[in-house]
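# Geometric and topological summary
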Amino acid sequence: MTRPVKIFWRIFIYGFLAVVLFVLLINWGVFGDMPSIGELENPSITLASEVYGDDGTPMGKYYRERGNRSYVKYNDISKHVIDALVSTEDKRFYDHSGIDGIRLAKAFVTFGSDGGASTITQQLALNMFDERAKGKVARLLQKIKENLIAIKLERNFTKQEIIALYLNTVSFSDNVYGIRNASRTFFSKEPDRLTVEEAAVLIGMQKATGTYNPRTNYKAAFDRRNTVLELMARNNAIPAAEAARLKKEPIRLNYKKMDENNGIAPYFLDVIREELKKWAKDHKKANDEEYDLYADGLKIYTTINPRMQLYAEESVIKHLPVLQRALAAQRDLKTDAVWKGHEKILEGYMKSSQRWKDLKEDGLSDAEIKKTFYQKVPMKVFAWNPKREKDTVMTPMDSIKYNREMMQASFMVMDPLSGQVKAWVGGIDFKNYKYDHVNLKTKRQVGSSIKPFLYALAIEEYGFTPETQCENTQQYFPGSGYVPAKNRGRTGTRTMASGLAWSVNEVAAYIIKQTTPQRFADFLKQINIPTKVDPFPSISLGTCDLSLYEMMWGYTMFPSGGFSTKPLYITRIEDKNGNVLARFDTERKEVISQQTAYTMSRMMQGPVDYGTAAGLRGRLGIAEMGGKTGTTNDNSDAWFFGFTPQLMAGVWIGCDDRFIRLDGGLGEGGRAARPIWEYFFQKALGDKTLGLDKNAKFVQPENLRNSYDIPLADTSPDPGAEGENVGNGSADDYLQKPDTQNIPTDSKQALEEQKVLEEANKIKNQVPEKKDTKEEVKPEEKKKKDGLFRRIFGGKKKGDKEKGNQ
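Reference entry: report on the structure contained in this document. (Residues numbered from 1 in each chain as written. Predicted model: local features only at pLDDT ≥ 70, side-chain atom pairs only at ≥ 80, totals over all residues. Heavy atoms only, no water.)

## Considerations on the overall build of the protein chain
So the rule is basically this: Counting from the N terminus, the helices are the DSSP runs of H or I reaching at least four residues and the strands are the DSSP runs of E reaching at least two. Between buried and exposed lies partly exposed: a residue is buried under 20% and exposed over 50% of the maximum accessible area for its type, with that area taken using a 1.4 Å probe on protein chains only. Working rule for contacts: check all heavy atoms of both residues, and any pair within 4.5 Å makes them a contact. Only the protein chains shown count as covering a residue, and every accessible area follows the Shrake-Rupley method with a 1.4 Å probe.
Across its full length, the protein chain carries 30 helices and 22 strands. By the burial criterion, 52% of the 806 residues in the protein chain qualify as buried. Sequence-distant contacts in the protein chain: of pairs separated by 6 or more residues, those separated by 24 or more amount to 72%. Carbon together with sulfur atoms contributes 51% to the accessible area of the protein chain, which is approximately 38,700 Å² in total.

Printed below as a string of structure tokens:
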């Protein structure tokens, strides 16, 4: 053998060994991690976690960029999609073992001008990397890795599994990842229902997702779809005649891209995100790693009912524009007088804005940045129109005021027996106002909506009944002062039922004087109100700050027979394969007796029949229900809570800054909050699929004596029951002693009212005879008795108006 030949073979052998060693080093991860056989058998392709409603409807997802994928099995993908993919991307897919030698050689000869050499399996391997490598050397290394992974994939997976993996990872137009998301986004259907032409549109995007987007570039997408149809015909996937026919059809999209702003219940999804992240951190996978909410494809099943959620959002949208127009028309907002004395607050909003932060990073001084906030610029702002936004020109400072002057709302619906939350509306528009007003952390002064808790305590532990006569006068508390803070010259007594129906502050003050503020504060803790409430006498009027969430939790004890039921909104969590990882059940605790719960439920019908929410029950045609309004200082907060035996809901209305509020009666709970509740129940009761029964009644305890009559009509009208926009006052109002004054009590009048009450109750309990008889009554005596009866039982002349802090 000549010397040159020896040198040649030596170079060839050493070169071959060097290539083999190089490939082995790559395979062993020396030049970057390579997936193990175990990882290939269970590929860690990033999958979005999905949230579902109580009927299985997809509500939203949690994902990172490029991670918005939903896993779908091979059998759940339309055959047309698979045929289109193979015909277009890899017609010899079923014949090769990951690398197509013929295609590779062809690409080498033509320098790639006649198409790429990558097979479906190689493309899948590429998709398993976070991104395509940059630079020739890095790309060469990645290409070798792709080929090695492709061979391993072919050895460990069937062809069907490879296609399913590929379609679950590949990207489509509009940054949509995975065939399921693409099918839902562009055609609003599951991937197993895609037609031939729809499949061709989606697979056609693979060549260039931006160029062949049917939403933004119809002509190019149309031509590309027809090319895919032609390739399918050539590959005998469809007849040539069918391809010719379909190529004449237009692309018919049913486009709906779900993101964090337009999914079902976006506020709810944002709130439970943190709870789910905590759960994921506290639970381990089989490999002892923590679950990743954004990558592990978890399936979260919630209690939210999509239909009720839609009705809840509709209810807010229907009523809030009315309140907003009234607020915007107020003089103090038109002249900016509402901001007088609050300049520091405005400055705080300005400095916390993104505009301020961006300009600060650009190196501008505070003075220079501040100047820009008073220069008009074009911008988009929220508006109550179909698009929920409008184009305008205003200064950034004016835009801050504009947004802070927007009325906000929160609305929560739940099943009081199971605790399942059925609807959750945390604000007026998640895209523009992401702060949630339902959750436990968002607390506002609750006003008179707290009074049912106090009344329940009085009945449960202090022997009160709906007929108990309570002093209708301002009460003095040694060391604290008078409650209510203002003396309105009230005298005499009135029944407990009347005090609740008309939300009389003096009655609430009298009751807490009997129970003591400390016992009431302890009782709130006992019924599972999480927030600690200090024992001031004024808490009888709702001067404490609580959240809608915990108020709803507290109200569950009335329709559920005395059981406090914690709101439940997640029922189970599954992994991407459907294995149950966790279940969540109802948490209930008996906090009052069934007798007290029933008595309160029936007595709370007074407010919705005759009191501060008069006529509500009648308008809805409900057999039995309970409800309570709440209004705070100068109408800063308006509340309404109501329940039937099957369903309960609560509403809060207000501005994020408490000094911005509606003037007059429109800001009271019965007018600002109650309409949202009423409209929702109109829709929900009218939807037969929800199974709500207007004739449902509260379960009456068997040991409740038959003669025990709850005087629902004992709702004596008393104009100014809670004062003329004086609210509940604050805790500070009761720390200083006001001037001592005598409060007259007309005991004679009280005894006379009690006598008429007893007579009237006897009449109510009697069964009327068929015979129509009338008793002759003198005009003077009739007038006197009618007046007393109206004061006790709530009779009112048409046009009479009940006003006060509700």
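Now that the structure has been shown, we can carry on.
## A word on the packing of helix α19 (residues 451-462) against helix α24 (residues 594-603)
Heads up, the condition is: Helix axes are fitted only over the stretch in contact, all axes being lines through C-alpha atoms; the angle between N-to-C directions runs from 0 to 180 degrees. Comment on the angle field: the value is read as roughly parallel under 35 degrees, roughly antiparallel over 145, roughly perpendicular from 65 to 115, and oblique elsewhere. Handedness of a crossing follows from how the near helix is turned relative to the far one, being left-handed for an anticlockwise turn of less than a right angle and right-handed for a clockwise one. Three residue categories are used. Nonpolar comprises Ala, Val, Leu, Ile, Met, Phe, Trp, Tyr, Cys and Pro, charged comprises Asp, Glu, Lys and Arg, and polar comprises the others, including Gly.
Close contact between α19 and α24 brings their axes to 10 Å; oriented N to C, the two are set at 135°. Considered as vectors, α19 and α24 are oriented oblique to each other. As for the relative orientation of α19 and α24, their crossing is right-handed in sense. In contact with P452, Y455, A456, I459 and E460 of α19, α24 contributes T596, T599, M600 and M603. Here the residues of the contact of α19 with α24 sort into six nonpolar, two polar and one charged.

## Looking at the sheet that holds strand β22 (residues 648-654)
In plain terms, the rule: The pairing criterion for strands is at least two bridges between them, as found by DSSP.
What the five strands build is an open sheet, ordered β9-β8-β22-β21-β20; its pairing is antiparallel. The open sheet is flanked by β9 (421-425) and β20 (626-631), the only strands paired with a single partner. Direction aside, the axes of adjacent strands within the sheet are offset by 5° on average. Relative to β9, strand β8 (residues 408-414) is paired through four bridges, and the arrangement is antiparallel. By the bridge assignment for β9, F411 is matched with V425. Contacts from helix α23 (residues 548-555) reach β8, β9, β20, β21 (637-643) and β22 within the one sheet, and its direction differs from that of β8 by about 30°.

## Let's talk about helix α10 (residues 218-234)
Applied cut-off: Expected span of a helix: the number of residues minus one, times 1.5 Å.
Taking 1.5 Å of rise per residue, 17 residues should cover 24 Å, and α10 covers 24 Å from first to last C-alpha, within 8% of that figure. Listed as buried for α10 are A220, A221, F222, R224, R225, N226, V228, L229, M232 and A233. Where α10 is buried, its residues meet α3 (79-89), α9 (196-204) and α11 (240-246).

## Quick notes on the pairing of strand β1 (residues 49-52)
Neither face of β1 is left uncovered, since the one carrying S49 and V51 and the one carrying E50 and Y52 both have all their residues buried. Here β1 pairs with strand β2 (residues 58-62) via four bridges, running antiparallel. Each residue of the ladder has a partner; that of Y52, found in β2, is P58. In sequence, β1 turns back onto β2 through a hairpin of five residues, with G56 there showing a positive phi of about 90°. Here three bridges tie β1 to strand β5 (residues 299-302), and the two strands are oriented parallel to one another. Bridged to Y52 within β5 is Y301.

## Some points on the packing of aromatic side chains
This is how it is decided: Pairing of aromatic side chains here covers Phe, Tyr and the six-membered ring of Trp, requires ring centres within 6.5 Å, and sorts the geometry by plane angle: under 30 degrees stacked, over 60 edge-to-face, intermediate tilted.
Tallying each qualifying case throughout the model produces 27 aromatic pairs. Ring plane angle 80° and centroid distance 5.5 Å describe the contact between F640 and W677, whose orientation is recorded as edge-to-face. Note that F640 is positioned in strand β21 and W677 in helix α28 (residues 674-686), a separation of 37 residues in sequence. Here F640 falls in the buried class, since its relative accessible area comes to 0%. Of the residues examined, W677 reaches a relative accessible area of 0% and is grouped as buried.

## So, the nonpolar core
Operational definition: Side-chain atoms within 4.5 Å are what join buried Ala, Val, Leu, Ile, Met, Phe, Trp, Tyr and Cys residues into a set we call a nonpolar core.
Within the largest apolar cluster, 140 residues are counted, with the highest numbers of intra-cluster contacts made by F411, F453 and I653. Membership of the second largest hydrophobic core comes to 44 residues, among which are L153, L165, L229 and I238.

## Focus: helix α13 (residues 306-328)
For clarity, the cut-off: Bend, at a single residue, is the angle you get between axes fitted to the 7 residues ending at that residue and the 7 residues starting at it. Polar contacts here mean pairs of N or O atoms no more than 3.5 Å apart (in protein, one a potential hydrogen donor and the other a potential acceptor; neighbouring residues in sequence count only if both atoms are side-chain atoms).
Compared with the 33 Å implied by 1.5 Å per residue over 23 residues, the 33 Å span of α13 between its first and last C-alpha is a close match. Along α13, the sharpest kink reaches roughly 25°, centred on L320 and followed within four residues by the proline P321. Between the side-chain oxygen of the N-cap and the backbone nitrogen of R307 there are 3.1 Å, and the N-cap of α13 in question is N305.

## With respect to the sheet that holds β2
Two modes of strand pairing occur in sheets, parallel and antiparallel, and in both the strands are linked by backbone hydrogen bonds. Taken in spatial order, the five strands of this open sheet run β2-β1-β5-β17-β18, and their pairing is mixed. Every interior strand has two partners, whereas the edge strands, β2 and β18 (580-583), have only one. Sheet twist, expressed as the mean angle between neighbouring strand axes with direction ignored, is 20°. Here strand β17 (residues 570-574) pairs with β18 via three bridges, running antiparallel.

## Quick word on the side chain of R674
Locating R674 in the fold gives a position in helix α28. Under the relative-accessibility criterion, R674 is labelled buried at 17%. There is a polar contact of 3.0 Å between the side chain of R674 and the backbone oxygen of G670. Apart from residues no more than four positions distant in its own chain, R674 is found in contact with A613, L616, R619, F640 and G669.

## Description of the environment of F464
Along the chain, F464 falls in the loop between α19 and β11 (469-471). A C-alpha to C-alpha distance of 9.2 Å links F464 and I511, two positions 47 residues apart in sequence.

## Brief notes about the environment of L298
Mapping L298 onto the fold places it in the loop between α12 (266-282) and β5. Of the residues examined, L298 reaches a relative accessible area of 3% and is grouped as buried. Residues L298 and A48, 250 residues apart in the sequence, show an inter-C-alpha distance of 7.3 Å. If sequence neighbours within four positions are ignored, L298 has contacts with A48, S49, E50, W279, Y291, L293, I573, E574, D575 and L581.

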